[in-house]
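The primary structure of each chain is shown beneath.
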Amino acid sequence: MSSIIHCRGLNYRYEDGSQQNQIINNLNLEVQAQESIAILGQSGCGKSTLLNLLGGIDRPSSGQVIINNTDLSTLNETQITQLRADNLGFVYQFHHLLKDFSAINNVMMPLLIQGIDKKSAQQAATKMLTSIGLEHRYNHLPSELSGGERQRVAIARALITQPKCLLADEPTGNLDRQNADEVLNLMIKLNQTHNSALVIVTHDERIAEKMQRVLVLENGQFS
Ligand SMILES: Nc1ncnc2c1ncn2[C@@H]1O[C@H](COP(=O)(O)OP(=O)(O)O)[C@@H](O)[C@H]1O
Ligand SMILES: [Mg+2]
């Protein structure tokens, strides 16, 4: 198996007045193709920071992040953005859908940004929304969808480019139990059918139970 994300000796620290805070401390992680990982840890322990480092959104203080065999430190910001768009999908606690755009237009957006023509993008988005049971919601605005539906649209948008890895930061943190289960089951199903790896940051033990690997972040390292 090949690794999609690989980090070695990762450190992230910031200065707070005279104090140095080490959030991530010499951390190593390899995310293999198609595997599912839960990253657990107490609030404020650095889970979001770690996910942003793995996704090339933030830069580490030191250490290496390698995405699909490319070391981020060898790239400029434009190249990192491109590498991220080609390989990764992101889902957050809040859906971040564009509020004036319908579900289908939100899902199409990453393809249009990639330069794919509108008709093909529309077809792909239709197929994706149908596959997740939202065929009756194509033309609804985010404000016309339930919380769970919005999060499912956000997942569809993250996966429309067929990323090799989906990075999710507390994706069910804002949902009630039933919607949380639906969203989680959807991510697991897509992880299996699209052969994409799945890294979920969460403090929900029930999510962790369904992942192949569970890592607990504590004092900047996996305990
Ligand atoms: N650049 C920064 N400046 C100040 N505080 C930061 C900075 N980066 C991270 N932090 C702090 O680091 C800690 C970890 O944050 P975060 O990664 O969001 O934790 P989690 O997602 O596990 O709740 C928090 O206490 C946060 O306030
Ligand atoms: Mg967080």
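Everything discussed here concerns the structure shown above.
Since this is a predicted model, take the numbers as computed values, not measurements.

Caption draft 1: Structural view of the overall build of the chain. Looking only at helices and strands, the chain has seven helices and ten strands in total. For 223 residues, the compact-globule estimate of 2.2 N^0.38 gives 17 Å, and the C-alpha radius of gyration of the chain, at 17 Å, lies within 12% of that figure. Expressed along its principal axes, the backbone C-alpha trace of the chain runs to roughly 55 × 40 × 40 Å. Looking at the chain residue by residue over its 223 residues, the buried ones come to 48%. The contacts in the chain between residues at least 6 apart in sequence include a share of 70% that link residues at least 24 apart. Within the structure as shown, the chain displays about 11,000 Å² of accessible surface, and the carbon and sulfur contribution to it stands at 45%. Positive and negative side-chain charges in the chain, numbering 19 and 22 respectively, have mean positions lying 6 Å apart.

Caption draft 2: Spatial organisation of the pattern of salt bridges. Following the criterion strictly, the structure yields seven salt bridges and no others. For Arg213, the salt bridge is made with Glu35, and the minimal N-O distance between the two is 2.9 Å. One end of the pair, Arg213, is in strand E9 (residues 213-218); the other, Glu35, is in the loop between strand E2 (19-32) and strand E3 (36-40), with 178 residues separating them in the sequence. With a relative accessible area of 9%, Glu35 lands in the buried category. Connected via shared salt-bridge partners are Asp181, Asp204 and Arg206.

Caption draft 3: Examining the pairing of strand E8 (residues 197-201) more closely. Buried residues dominate E8, accounting for five of its five residues. Going residue by residue along E8, you find Ala197, Val199 and Val201 tucked away on one face and Leu198 and Ile200 tucked away on the opposite face as well. Pairing analysis gives four bridges linking E3 to E8, with the strands arranged parallel. Residue pairing in the sheet places Ala38 in a bridge with Ile200 of E8. Sheet analysis places strand E7 (residues 165-169) next to E8, joined by five bridges and oriented parallel. Its bridge partner lying in E8, Cys165 is registered against Ala197. For the crossover that starts at E7, traverses helix H6 (residues 177-193) and ends in the parallel E8, the hand is right-handed.

Caption draft 4: Quick look at the site of ligand 1. By nearness alone, every residue bordering ligand 1 is listed as Tyr12, Tyr14, Ile23, Gln42, Ser43, Gly44, Cys45, Gly46, Lys47, Ser48 and Thr49. The separation between a nitrogen atom of ligand 1 and a polar side-chain atom of Tyr14 is 3.2 Å. Cys45 places a polar main-chain atom, nitrogen or oxygen, 3.3 Å from an oxygen atom of ligand 1. Summarising the interface, the protein chains cover 59% of the accessible area of ligand 1, which totals 570 Å² for the free molecule. Put simply, the parts of the chain that give the shell around ligand 1 at least two residues each are strand E1 (3-16) and helix H1 (47-54).

Caption draft 5: Representation of the layout of surface pockets within the structure. Taken as a whole, the largest pocket spans an internal volume of roughly 590 Å³. The wall of the largest pocket is formed by 23 residues, among which Ala85, Leu88, Phe90, Pro110 and Ile113 lie closest to the centre. Looking at the lining of the largest pocket, the elements with two or more residues in it are helix H2 (77-87), strand E6 (88-91), helix H3 (103-113) and helix H5 (147-159). Counted by class, the lining of the largest pocket contains 13 nonpolar, eight polar and two charged residues. Here the second largest pocket defines a volume of roughly 160 Å³. Top contributing element to the lining of the second largest pocket by residue count: helix H4 (residues 118-131), with four residues.

Caption draft 6: The sheet that holds E9, seen in detail. Taking strand neighbours across the sheet as the criterion, the six strands line up as E6-E7-E8-E3-E9-E10 in an open arrangement whose pairing is mixed. Two strands in the sheet have a free side with no partner beyond their single neighbour: E6 and strand E10 (221-222). Across the face of the sheet, H5 comes into contact with E6 and E7 while running at roughly 165° to E6.

Caption draft 7: Molecular detail of unusual backbone geometry. Of note in the backbone geometry, Gln162 takes a positive phi value of approximately 55° without being a glycine. Looking at the element boundaries, Gln162 is found in the loop between H5 and E7. Positive phi, normally seen in glycine, also occurs at Asn195, with a value near 55°. A relative accessible area of 45% places Asn195 in the partly exposed class.

Analysis parameters
- Residues numbered from 1 in each chain as written.
- Chains lettered and ligands numbered in written order.
- Predicted model: local features only at pLDDT ≥ 70, side-chain atom pairs only at ≥ 80, totals over all residues.
- Heavy atoms only, no water.
- Helix = DSSP H or I, 4+ residues; strand = E, 2+ residues; numbered from the N terminus.
- Rg over C-alpha atoms; globule rule 2.2 N^0.38 Å.
- Buried < 20%, exposed > 50% of the residue type's maximum accessible area, 1.4 Å probe, protein only.
- Contact = heavy atoms within 4.5 Å.
- Areas by Shrake-Rupley, 256 points an atom, 1.4 Å probe, with all protein chains shown as cover.
- Lys, Arg positive; Asp, Glu negative; His and termini not counted.
- Charge placed at Lys NZ, Arg CZ, Asp CG, Glu CD.
- Salt bridge = Lys/Arg side-chain N within 4 Å of Asp/Glu carboxyl O.
- Pairing = 2+ DSSP bridges.
- Right-handed = clockwise from strand over helix to strand, strands pointing away.
- Near = heavy atom within 4 Å.
- Polar contact = N/O pair within 3.5 Å; in protein donor to acceptor, adjacent residues only side chain to side chain.
- 1 Å grid on protein atoms, 1.4 Å probe; cavity = no way out; pocket = protein on both sides within 12 Å on 5 of 7 lines; lining within 4 Å.
- Points joined across faces, edges and corners; volume = space filled by probe spheres on them.
- Nonpolar A, V, L, I, M, F, W, Y, C, P; charged D, E, K, R; others polar.
- Axes fitted to C-alpha atoms, helices over the stretch in contact; angles between N-to-C directions.

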